[in-house]
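# Examination of the molecular architecture
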Amino acid sequence: DTGVSQDPRHKITKRGQNVTFRCDPISEHNRLYWYRQTLGQGPEFLTYFQNEAQLEKSRLLSDRFSAERPKGSFSTLEIQRTEQGDSAMYLCASSSGQGSSGANVLTFGAGSRLTVL
Amino acid sequence: ILNVEQSPQSLHVQEGDSTNFTCSFPSSNFYALHWYRWETAKSPEALFVMTLNGDEKKKGRISATLNTKEGYSYLYIKGSQPEDSATYLCAPHLTSGTYKYIFGTGTRLKVLA
């Protein structure tokens, strides 16, 4: 297992276009998280899944954002009608969610950097 | 809304200096606190998971303490080295039935050689 993979690493798009990011978590991890990070800020929570169920979604997330984890394995994050304010690093993380609290440590991917022109 | 504050926001120290940062969080319903280190162009990596009041964890020159009653944790770096330059993030986990982790804004450390 090579850890958490994210694709693409970089995406440049024009305002109004749709973009989709993919995250492949560590295979035995049942929890998967999406965060957004902008310059000078910590990772901002977007949503998380336990297996295929989306358990929580940030109220800050507009209807243009949607995430799926159809088979409880990989996940996609889609942004529709992108705006310049969507430019950020989108981070995916996974955790096992079993056993001791230490098992809930998040393992992050390298992130997908989005630039909206 | 869970408010997680980290201070200072940024810090420059000389190689060999010792330093410390603070993470403040709501003290009610505490379950665990995570510390992560995020180096430029890399992924955030877990440093410590702390659960008990008075807990102290250590990894090499880095250590952390936890006070759950007053809602803060300190991260210490002894004899800072340039490779310690990174953003240090904390994320509390509260027993609210959710496994959502809210991160602080981080402390950006630059160690000057």
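Residues numbered from 1 in each chain as written. Chains lettered and ligands numbered in written order. Predicted model: local features only at pLDDT ≥ 70, side-chain atom pairs only at ≥ 80, totals over all residues. Heavy atoms only, no water.

This next bit is on the pairing of strand β4 (residues 30–38) of chain B. Residue and element names in this part refer to chain B. Buried residues dominate β4, accounting for eight of its nine residues. In this sheet, strand β9 (residues 86–94) lies alongside β4 in antiparallel orientation, the contact comprising eight bridges. When the bridges of β9 are listed, arginine 37 appears paired with tyrosine 88. Sheet topology note: the β4/strand β5 (residues 45–50) ladder contains five bridges and is antiparallel. Bridging across to β5, arginine 37 finds its partner in glutamate 45. Between the end of β4 and the start of β5, which pair antiparallel, lie six residues, with alanine 41 showing a positive phi angle near 70°. (Buried < 20%, exposed > 50% of the residue type's maximum accessible area, 1.4 Å probe, protein only. Helix = DSSP H or I, 4+ residues; strand = E, 2+ residues; numbered from the N terminus. Pairing = 2+ DSSP bridges.)

Put plainly, two cysteines are in a disulfide when a covalent bond ties their sulfur atoms together. This structure, assessed with the given rule, holds two disulfides over all chains. With a sulfur-sulfur separation of 1.9 Å, A:Cys23 is cross-linked through a disulfide to A:Cys92. Across the S-S bond of A:Cys23 and A:Cys92 the torsion is about -70°, and the bridge reads as left-handed. With A:Cys23 in strand β3 (residues 19–24) and A:Cys92 in strand β9 (residues 88–95), the pair connects residues that are 69 residues apart, well separated along the chain. Here B:Cys23 engages in a disulfide with B:Cys90; their sulfurs sit 2.0 Å apart. On the sign convention where negative is left-handed, the bridge of B:Cys23 and B:Cys90, at about 80° about the S-S bond, is right-handed. (Disulfide = S-S within 2.5 Å.)

If you trace the backbone, B:Ser43 turns up in the loop between β4 and β5. Within the structure, the side chain of B:Ser43 is placed 3.4 Å from the backbone nitrogen of A:Ala110, a separation counted as a polar contact. In this view, B:Ser43 contacts A:Phe108, A:Gly109, A:Ala110, B:Arg37 and B:Trp38; residues no more than four positions away in its chain are not counted. (Polar contact = N/O pair within 3.5 Å; in protein donor to acceptor, adjacent residues only side chain to side chain. Contact = heavy atoms within 4.5 Å.)

Turning next to the pattern of salt bridges. Enumeration according to the criterion identifies seven salt bridges over all chains in this entry. Salt bridges linked by common partners bring A:Arg64, A:Glu83 and A:Asp86 together as one network. (Salt bridge = Lys/Arg side-chain N within 4 Å of Asp/Glu carboxyl O.)

The subject of this paragraph is the sheet that holds strand β3 (residues 19–24) of chain B. Residue and element names in this part refer to chain B. Spatial strand order, β1-β3-β8-β7-β6: five strands in an open sheet with antiparallel pairing. Two strands close off the open sheet at either side, each with one partner strand: β1 (5–7) and β6 (56–59). Between one strand axis and the next, the sheet turns through 15° on average, direction left out of account. (Axes fitted to C-alpha atoms, helices over the stretch in contact; angles between N-to-C directions.)

Attention now goes to the packing of aromatic side chains. Each aromatic ring pair is characterised by the separation of its centres together with the angle its planes make. The tally for this structure, following the rule as stated, stands at 16 aromatic pairs over all chains. For the ring pair A:Tyr33 and A:Tyr35, a centre distance of 6.3 Å and an interplane angle of 20° mean the geometry is stacked. Here the two residues A:Tyr33 and A:Tyr35 agree in accessibility, since each one is buried. With a centroid separation of 5.2 Å and an interplanar angle of 15°, the aromatic rings of A:Tyr33 and A:Tyr48 are classed as stacked. With A:Tyr33 in strand β4 (residues 31–37) and A:Tyr48 in strand β5 (residues 44–50), this residue pair connects regions lying 15 residues apart in the sequence. Per residue, the accessibility class of A:Tyr33 equals that of A:Tyr48, and both read buried. Clustering of aromatic rings is evident, with ring pairs tying together A:Tyr33, A:Tyr35, A:Phe45, A:Tyr48, A:Phe108, B:Tyr36, B:Tyr101 and B:Phe103. The ring of B:Tyr99 carries A:Arg31 above its face, with NZ or CZ at 3.5 Å from the centroid. (Phe/Tyr/Trp six-rings, centres within 6.5 Å; stacked < 30°, edge-to-face > 60°. Lys NZ or Arg CZ within 6 Å of the ring centre and 35° of its normal.)

For the rest of this paragraph, the subject is the interface of chain B and chain A. Tallying the contact residues gives 21 residues for chain B and 21 residues for chain A. Taken together, both faces of the contact between chain B and chain A bury some 1800 Å²; the carbon and sulfur share is 61%. For the chain B face of the interface with chain A, the top three residues by lost area are B:Trp38, B:Tyr99 and B:Tyr101, together amounting to 29%. The shortest N-O distance in the salt bridge between A:Glu56 and B:Lys100 comes to 2.9 Å. Across the chain B-chain A interface, the total number found is seven residue pairs in polar contact (both at pLDDT 80 or more). Of all elements in the fold, only β4 and β5 of chain B reach the threshold of two or more residues within the side of chain B that touches chain A. Looking at the side of chain B that touches chain A, the element that brings in the most residues is β4(B), giving five residues. The class makeup of the residues in the side of chain B that touches chain A is 13 nonpolar, six polar and two charged. (Buried area = accessible area lost by both parts, 1.4 Å probe. Nonpolar A, V, L, I, M, F, W, Y, C, P; charged D, E, K, R; others polar.)

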